[in-house]
Amino acid sequence: MDFRLTEDQRDLRAGIRDLLAGRYGREALRESVRASESAGVASSGVASSGSVSAGAASSGAVVDRRLWRELGEAGFFSLRLPESEGGVGLGLPEAALVFEEAGRALLPGPLVATHLAAGAVPGAASGSAVVTAFDLGGPLVAYLGEADAVLGAEGLPAGEPVRSVDPLTPLWRSSGVLPSGYREAGALLTAALQLGSALRTVELAVRYAGEREQFGQPIGGFQAVKHLCARMLVRAEVARTAVYAAAVTGDAAEIAAAKLLADEAAVRGARDCLQVHGGMGFTWEADVHLHLKRAWVRAEQWHTAPEAEELLAARLGAEAEEEG
């Protein structure tokens, strides 16, 4: 099986990267963080006063509606929707490439849920609607306060905002379930987001290691730093192979394995990147900690590590019985 990208796939990835670089570059990311911080301070009393209706407008909204519509116009959400239904008509491999770029840029918002809702929820495909999902374990849902719909639900449930480790992933306590039929695709696309983040932290670590000097030489010349960067790269490339392969086969067990590997690459990669940066990595002036915080949240979405491990164990057990 040939997993090499076609010219069209490379062009698709380059186009999305250019779009995000122009519309959601580093300055836009920093502005999103500042806005979310301001909103968090302003609403600190609201969270303790009881439930707040979902969909309420927020001056510190994380989802940029204009950019959301631009993504819709570019086919981000309708990528896998058949052309007969107004979509682009591509497949899961192409979607994985697009979501990898979104993860690299730390683009916030319920990207996966809105993509999965294309064709099922009015406005999702075009980006005129923001759709979230109960893709986190327990009674938590992300972006409920900015959503127009919840995947598989009728109407918007009420919810209570709760503190999130990631300033760009607002969480709400609410009740609901994730409808069947979406979990595998959601897990694969979330793994692609994690992959993009892991690859980006490799870039950040290598660049900083080449710029930061100690004892008269770049810290990248020290063996310990070289080993950190090398391990980051290996984990990211292994995850890339698993994500691309699972996107081609669509196999549930391979998707679970890809999610496990991508979660590890994103979380451990961000931690190692922080170590390369030293104290600078924990400051608001750096982006490294944002990758770590987002990776923590994504690791709890669609397929958690225990869920993926159970699925893989069941598959291996079934194969062992067939061989026996």
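On a predicted model such as this, the values are computed, not experimentally measured, just so you know. (Residues numbered from 1 in each chain as written. Predicted model: local features only at pLDDT ≥ 70, side-chain atom pairs only at ≥ 80, totals over all residues. Heavy atoms only, no water.)

J.: Any details on the environment of Ala224? Residues and values, ideally.
T.: Mapped onto the fold, Ala224 is located in helix α7 (residues 223-249). For the pair Ala224 and Leu312, spaced 88 residues apart in the sequence, the C-alpha separation amounts to 34 Å. (Helix = DSSP H or I, 4+ residues; strand = E, 2+ residues; numbered from the N terminus.)

J.: Any chance you could break down the packing of helix α1 (residues 7-23) against helix α4 (residues 92-104) for me, citing the residues and the numbers?
T.: The interhelical angle for the contact between α1 and α4, taken along N-to-C directions, is 30 degrees, at an axis separation of 9 Å. Between α1 and α4, the angle falls in the class roughly parallel. Classified by chirality, the crossing of α4 by α1 is right-handed. Of α4, the residues touching α1 (which contributes Gln9, Leu12, Arg13, Ile16, Arg17 and Leu20) are Pro93, Glu94, Leu97, Val98, Glu100, Glu101, Ala102 and Arg104. Its residues assigned to classes, the contact of α1 with α4 shows seven nonpolar, one polar and six charged. (Axes fitted to C-alpha atoms, helices over the stretch in contact; angles between N-to-C directions. Parallel < 35°, antiparallel > 145°, perpendicular 65-115°, else oblique. Left-handed = near helix turned anticlockwise from the far one by under 90°. Contact = heavy atoms within 4.5 Å. Nonpolar A, V, L, I, M, F, W, Y, C, P; charged D, E, K, R; others polar.)

J.: Requested: an account of the confidence of the model for the protein chain, with residues and values cited.
T.: Residues with a pLDDT of 70 or more make up 92% of the protein chain, whose mean pLDDT is 90. Contacts from residues 41-59, a stretch scored under 50 in pLDDT, to residues over four places away or in other chains number 20 contacts. (pLDDT = per-residue confidence, 0-100.)

J.: So what about the nonpolar core? Which residues, and what values?
T.: If you look at the biggest cluster of nonpolar residues, it comprises 83 residues, and the most contacted ones within it are Phe76, Leu111, Leu188, Val243 and Val276. In terms of residue count, helix α6 (residues 183-211) provides more of this core than any other element does, 15 residues in total. Leave out the neighbours within four places in its chain, and Leu188 touches Leu92, Ala96, Val243, Ala246, Ala247 and Ile255. If you look at the next biggest cluster of nonpolar residues, it comprises five residues, including Phe134, Val141, Leu144 and Trp172. (Core = buried A, V, L, I, M, F, W, Y, C linked by side-chain atoms within 4.5 Å. Buried < 20%, exposed > 50% of the residue type's maximum accessible area, 1.4 Å probe, protein only.)

J.: So what's going on with α4? Residues and values would help.
T.: Spanning 13 residues, α4 covers 18 Å between terminal C-alpha atoms, matching the ideal 18 Å at 1.5 Å per step. Within α4, 11 of the 13 residues are buried, which leaves it mostly tucked inside the rest of the structure. Turning to α4, its buried residues are Leu92, Glu94, Ala95, Ala96, Leu97, Val98, Phe99, Glu100, Glu101, Ala102 and Gly103. Elements in contact with the buried residues of α4: α1, α5 (111-117), α6, α7 and α9 (288-298). (Expected span 1.5 Å × (residues − 1).)

J.: Give me the lowdown on the side chain of Asp135, citing residues and values where you can.
T.: Note that Asp135 resides in the loop between β1 (131-132) and β2 (140-142). We note that Asp135 is buried and unpaired, the nearest opposite charge coming from Arg183 at a distance of 8.9 Å. A distance of 3.4 Å separates a polar atom in the side chain of Asp135 from a polar atom in the side chain of Gln301. (Lys, Arg positive; Asp, Glu negative; His and termini not counted. Salt bridge = Lys/Arg side-chain N within 4 Å of Asp/Glu carboxyl O. Polar contact = N/O pair within 3.5 Å; in protein donor to acceptor, adjacent residues only side chain to side chain.)

J.: So what's going on with helix α3 (residues 65-73)? Which residues, and what values?
T.: Burial in α3 covers these residues: Leu67, Trp68, Leu71 and Gly72. Down the axis, α3 shows its buried residues gathered within 150 degrees of arc, on one side only. Looking at α3, the residues exposed on the side facing more than 90 degrees away from the buried face are Arg66 and Glu73. The elements touched by buried residues of α3 are α1 and α5. Where α3 begins, the side chain of Asp64 points an oxygen toward the backbone nitrogen of Arg66, at a separation of 3.0 Å. Looking at the residues trailing α3, positive phi occurs at Gly75, about 90 degrees. (Arc of directions from axis to C-beta.)

J.: Go over the pattern of salt bridges with me, naming the residues and quoting the values.
T.: According to the stated counting rule, one finds 17 salt bridges in the structure shown. Arg104 is paired through a salt bridge with Glu203; the nearest N and O atoms lie 2.9 Å apart. With Arg104 in helix α4 and Glu203 in helix α6, this pair connects stretches of sequence that are 99 residues apart. In the salt-bridge network here, residues are joined through shared partners; they are Arg23, Asp64 and Glu70.

J.: I'd love a proper account of the packing of aromatic side chains, names of residues and values included.
T.: Per the stated rule, a full pass over the model turns up four aromatic pairs. Aromatic pair Phe76 and Phe99: ring centres 4.9 Å apart, planes at 45 degrees, arrangement tilted. Taken together, the positions of Phe76 in the loop between α3 and α4 and Phe99 in helix α4 put the pair 23 residues apart, joining distant regions of the chain. Residue classification places Phe76 among the buried residues on the basis of a relative accessible area of 1%. Both rings, one in Phe215 and one in Phe222, keep their centres 6.5 Å apart while their planes meet at 70 degrees; by these two values the pair is edge-to-face. Note on Phe215: relative accessible area 77%, which makes it exposed. Taken together, the ring pairs connect Trp68, Phe76, Phe77 and Phe99 into an aromatic cluster. (Phe/Tyr/Trp six-rings, centres within 6.5 Å; stacked < 30°, edge-to-face > 60°.)

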